[in-house]
Every structure is written in C-alpha cells, then in structure tokens.
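What the coordinates show
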Amino acid sequence: MAIGETLAALSSSKTLILKPSPSPTTSSSSTRSLRHWIPCFSRHHPSLATSSSAAAAAAAEARRSMVEAFDPTIPLAEALTPPSMWYIDSSFLALEFDRVFFRGWRAVGYTEQVAKPHDFFAGRLGNVEFVICRDANGNLRAFHNVCRHHASLLTFGSGQKSCFECPYHGWTYGLDGVLLKATRISGIKNFNKNNFGLKSINVGTWGPFVLVNLDQKILNQQDITEDIVGKEWLGSASNLLSTNGIDTSLKHVSRREYTIECNWKMFEKVSVQRCESASVEQDSFDRLGSKAIYAFVYPNFMINRYGPWMDTNLAIPLGPTKCQVIFDYFLDPSLADDKAFIERSLEDSERVQIEDIALCEGVQRGLESPAYDSGRYAPSVEMAMHHFHSLLHASLVDT
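Residues numbered from 1 in each chain as written. Predicted model: local features only at pLDDT ≥ 70, side-chain atom pairs only at ≥ 80, totals over all residues. Heavy atoms only, no water.

Naming follows an unreviewed UniProt entry, where the protein chain appears as Choline monooxygenase, chloroplastic of Ananas comosus. Entered under Function (unreviewed entry) in the UniProt record, the comment concerning the protein chain runs "Catalyzes the first step of the osmoprotectant glycine betaine synthesis." A UniProt comment under Pathway (unreviewed entry) is attached to the protein chain, and it reads "Amine and polyamine biosynthesis; betaine biosynthesis via choline pathway; betaine aldehyde from choline (monooxygenase route): step 1/1." (UniProt positions renumbered as here; feature names shortened; annotations may be inferred.)

Right, here's the structure in full:
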C-alpha cells in the first residue's frame, strides 16, 4: 500500500498508540572521550575552552528553540506543522538520533537473515555500525562492527561466516566476539587480548523481526526474551499484532532498497488500523485480500499485513535531507513458489513506491525553500500526522 494511502486511512480511523517503555541514555564512547580530553586541553588554552563552551551552549539553545517552535498542545484545527528546520538541520537530526533512535528497541532486520548458525548481516544506524550474527551454538549476538585495532569496519552485507577477519590488518574475531588473532603486536606492552573483543550490543527478536537496543547496559542474552522485547517495543499491542498474522509463519520473498533525497520523517508513531470487507473479488486477493492490518511503529517502522502478504518499511536517516527506505516482502508459504504471482504483485508495489518517492522528494525541496517555514494540518484527514509530530516533540524536549 502506498504510504500516502496508508496515512490517509489511518487519519480517518481511531488509532491505537503503542508507546515503548522509557529507558536511560548512555553517552557514546566518542562523546565520553571528548569530555575527558576537553578539560585537560582547556587548562592550557582557557580562551579556546570558553569559546567552545559558548558555542556548545548556543547550539543547545538553537536546538531547544527548534523543538519548541512546534506546540503539540494547540488543537489540531489551529495548529501549525513543525518548522522546516526539523527537516533540513543537521544538529536537529543529531538530537533525533540521541533521543529517539538510540533509545529503546529498534527494528533492523528479519529473523530469516540469521536463521542458521554462522548467518550474519551488517547495518548502520547513525554513527553506529553493527553486525548481527548467530554463533556456532545458535546464539543470537550483536556487536559494533568495528575492529578494536585501528577501527576498520569488519564486514559488509549479509551471508555466512565462521569468523570476522578485519580487512585492514587481519585481526580476527569469533562469532561470539572474542578476539582470536591479533597481528602486528610484536613488542607491544600491557596488552591482554581478552580485553579487546568486539563491543556487544543488546539484540532480541519479536515475531519475524530482529531488533537492537543501544541505550541500555549490556544484558545477559538469556534475559532478553521475546515477551520482554514485545512489551517494551510494542506495549499492549504486541498481542494484537501477533494474533493477526504478524508472525514467523510467512516466508521472506524479496527486499527492495531506495535511497531518497528527503528527510526520514517524510515516512511517519505507532498506530494500528484493521480493515475487513464483507466480500472481495478473487483478483483483489492478489494484493489486499479480505482482511488487512496496518501498523506504524514509532519512529520509523511500518508493518502492512493484507491477504497472503506482509510488507515492512524501514526508514533510516542518512543525513538531514536523505534517507534509505527498505521494503521487505513476506508471503504465505503456499504461494512462495508462484513466481508469476510474486512478480506481478511486486511490480504493482514498485510502481506505487516510485510515485511516492517523487512526491516526497518534491516536498523536501519545498521545505528547503526560503519561502516556506510552517504549514497547516487538514483536520479531517491528518490526525495521524499531527500525533506523530507530537510524539516526536515529546521525545525531544528536555527532561
């Protein structure tokens, strides 16, 4: 279903909001290192330290002003949309990563990608490079995809590996993250290879999806159950979705990736809509069937379940004015070998996505124009859009 069509449908119906449990934020290692370095440097260069502090304060104030430029308490019929800076400013995107994407569970893939021992896939969210794998014992694991020697990325794409060997100098890690081989360390002192394994990331699954959580201390993997992940990610709606066909029974049949010249928010927390028609012509079953459920999972994941199909849409920020949208298509196993049916359905979807991309990129160019700052909502059809903006505002305000 087209994004615009889905949003329109959601806007005209009652929605169920899925709010994840709040959790504390931890600073990135790079931020911590910078914080340790600045005081030492400042003692020798006090004027630069003062200038740096003033610049940081000014930047923080500018971000606060951008957030507060949208007022979620104003009734929809009177409200202004968020200012265009929400869609074009790099410091605003950095705030979104810190307070939205790096908190709570975030979908990054699907379980078939790591179904067997030695399966893996790599990805990126902001400045976090990650790799998800299943070790030789079948345990699901996730790590920062960065060599502890000189910071090279270890692997790319997806497939099967028995270990991760750095392409730069050959440091080699097991799928459990342990450093197996360290090259070029002759003469090195105070080095214990047990302290140089890969940095772990919390990983879990819910239904057919793989998720990571970047904001918590590293947990024992046995303590990350599907029930816990579902409760924290989807709240009370996890049962609603799992009992309406959002499960592992479907087979993944295709992935389409699009790099789009627009801000990630052009694609919008979570609401769920269920649709059911009394009768459907047989041809209509090809795409929609007689029952459908559409869910937007805040902030950037969409699940569309209709007839024999399920597709998911994941919007990943690549910059303030660029994003990647990943479409994964799942199908009832009874139709998984019907190549003609699959191809016809995917062609229909592809045509709709190309149309939507053109619209999104056109809006993005308008947002960057000096002629535009804020707009207005259409009260009868844009309740979901306003609600999404209100949720994002709540995530970004100082607490």
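From this point on, the discussion continues.
Side note on the overall build of the protein chain
Helix and strand content of the protein chain: eight helices and 16 strands. Going through the 399 residues of the protein chain one by one, you find that 44% of them count as buried. About 19900 Å² of surface is accessible on the protein chain, with carbon and sulfur atoms providing 53% of the total. (Helix = DSSP H or I, 4+ residues; strand = E, 2+ residues; numbered from the N terminus. Buried < 20%, exposed > 50% of the residue type's maximum accessible area, 1.4 Å probe, protein only. Areas by Shrake-Rupley, 256 points an atom, 1.4 Å probe, with all protein chains shown as cover.)

Considering the nonpolar core
In terms of nonpolar packing, the biggest core is built from 80 residues, with Ile-132, Trp-206, Phe-209 and Trp-233 touching the most fellow members. Sorting elements by how many residues they give to this core places strand S16 (residues 322-331) first, with seven residues. When sequence neighbours within four positions are dropped, the list of residues in contact with Ile-132 reads Val-114, Asp-119, Phe-120, Phe-121, Leu-140, Arg-141, Ala-142, Val-203, Val-210 and Val-212. (Core = buried A, V, L, I, M, F, W, Y, C linked by side-chain atoms within 4.5 Å. Contact = heavy atoms within 4.5 Å.)

Some words on the confidence of the model for the protein chain
Put simply, the protein chain has an average pLDDT of 86, and 82% of its residues get 70 or more. Across residues 21-43, where pLDDT falls below 50, the model places 15 contacts with residues more than four positions away in sequence or in other chains. Taken together, the stretch residues 277-289 has pLDDT below 50 and engages in 22 contacts with residues farther than four places along the chain or on a different chain. (pLDDT = per-residue confidence, 0-100.)

A closer look at the pairing of strand S3 (residues 128-134)
Judged by how many residues are buried, S3 sits mostly within the fold: seven of seven residues are covered. Side-chain alternation along S3 places Val-128, Phe-130, Ile-132 and Arg-134 on one buried face and Glu-129, Val-131 and Cys-133 on a second face that is also buried. As paired elements, strand S2 (residues 119-125) and S3 share six bridges and run antiparallel to each other. If you follow Ala-122 over to S3, its bridge partner there is Val-131. (Pairing = 2+ DSSP bridges.)

Section: the packing of helix H4 (residues 90-101) against helix H8 (residues 383-396)
Close contact between H4 and H8 brings their axes to 9 Å; oriented N to C, the two are set at 80°. Accordingly, the angle class assigned to the pair H4 and H8 is roughly perpendicular. In contact with Phe-92, Leu-95, Glu-96, Arg-99 and Val-100 of H4, H8 contributes Leu-392, Ser-395 and Leu-396. In terms of residue class, the contact of H4 with H8 is made up of five nonpolar, one polar and two charged. (Axes fitted to C-alpha atoms, helices over the stretch in contact; angles between N-to-C directions. Parallel < 35°, antiparallel > 145°, perpendicular 65-115°, else oblique. Nonpolar A, V, L, I, M, F, W, Y, C, P; charged D, E, K, R; others polar.)

Observations regarding the side chain of Asp-119
Along the chain, the position of Asp-119 falls in strand S2. Owing to a relative accessible area of 5%, Asp-119 belongs among the buried residues under this scheme. At 2.9 Å, the side chain of Asp-119 and the backbone nitrogen of Lys-116 are in polar contact. Only 2.9 Å separates the side chain of Asp-119 from the side chain of Gln-160, close enough to count as a polar contact. (Polar contact = N/O pair within 3.5 Å; in protein donor to acceptor, adjacent residues only side chain to side chain.)

Here we look at the sheet that holds strand S5 (residues 158-160)
Strand order in the open sheet made by the four strands is S4-S3-S2-S5, with antiparallel pairing throughout. Each edge of the open sheet is held by one strand with a lone partner, namely strand S4 (140-144) and S5. Adjacent strand axes in the sheet meet at a mean angle of 20° when their direction is disregarded. The sheet contact formed by S3 and S4 spans five bridges and is antiparallel. In the strand pairing of S4, Cys-133 is matched with Arg-141.

Here we look at the packing of aromatic side chains
Taken as a whole and judged by the stated rule, the model has 21 aromatic pairs. Centre to centre, the rings of Trp-206 and Trp-233 are 6.1 Å apart; their planes meet at 65°, and the pair counts as edge-to-face. Placement of the pair is Trp-206 in strand S9 (residues 202-206) and Trp-233 in helix H5 (residues 226-234), with a sequence separation of 27 residues. The buried category is assigned to Trp-206, whose relative accessible area is 5%. Assessed through its relative accessible area of 3%, Trp-233 is described here as buried. Geometrically, the ring pair formed by Trp-309 and Tyr-329 is edge-to-face, given 6.5 Å between the ring centres and 85° between the ring planes. (Phe/Tyr/Trp six-rings, centres within 6.5 Å; stacked < 30°, edge-to-face > 60°.)

Remarks on the pattern of salt bridges
Inspection of the entire model under this criterion finds 11 salt bridges. Its salt-bridge partner being Arg-124, residue Glu-129 comes within 3.2 Å of it at the nearest N-O pair. On the basis of relative accessibility, which here comes to 16%, the residue Glu-129 falls in the buried class. Here Asp-135 and Arg-141 are joined by a salt bridge, their closest N and O atoms 2.7 Å apart. What makes Arg-141 partly exposed here is its relative accessible area of 28%. Among the ionic contacts, a cluster of salt bridges with common partners joins Glu-61, Arg-64 and Glu-68. (Salt bridge = Lys/Arg side-chain N within 4 Å of Asp/Glu carboxyl O.)

What about the sheet that holds strand S7 (residues 172-173)?
Pairing between the strands of a sheet is mediated by backbone hydrogen bonds and can be parallel or antiparallel. Pairing in this open sheet of three strands is antiparallel, and the strands run S6-S7-S8 from one edge to the other. Both outer strands of the open sheet, strand S6 (164-165) and strand S8 (179-181), are each paired with one neighbouring strand and no more. Of the pairings in the sheet, the one linking S6 to S7 comprises two bridges and is antiparallel in character. Residue pairing in the sheet places Phe-164 in a bridge with Tyr-173 of S7.

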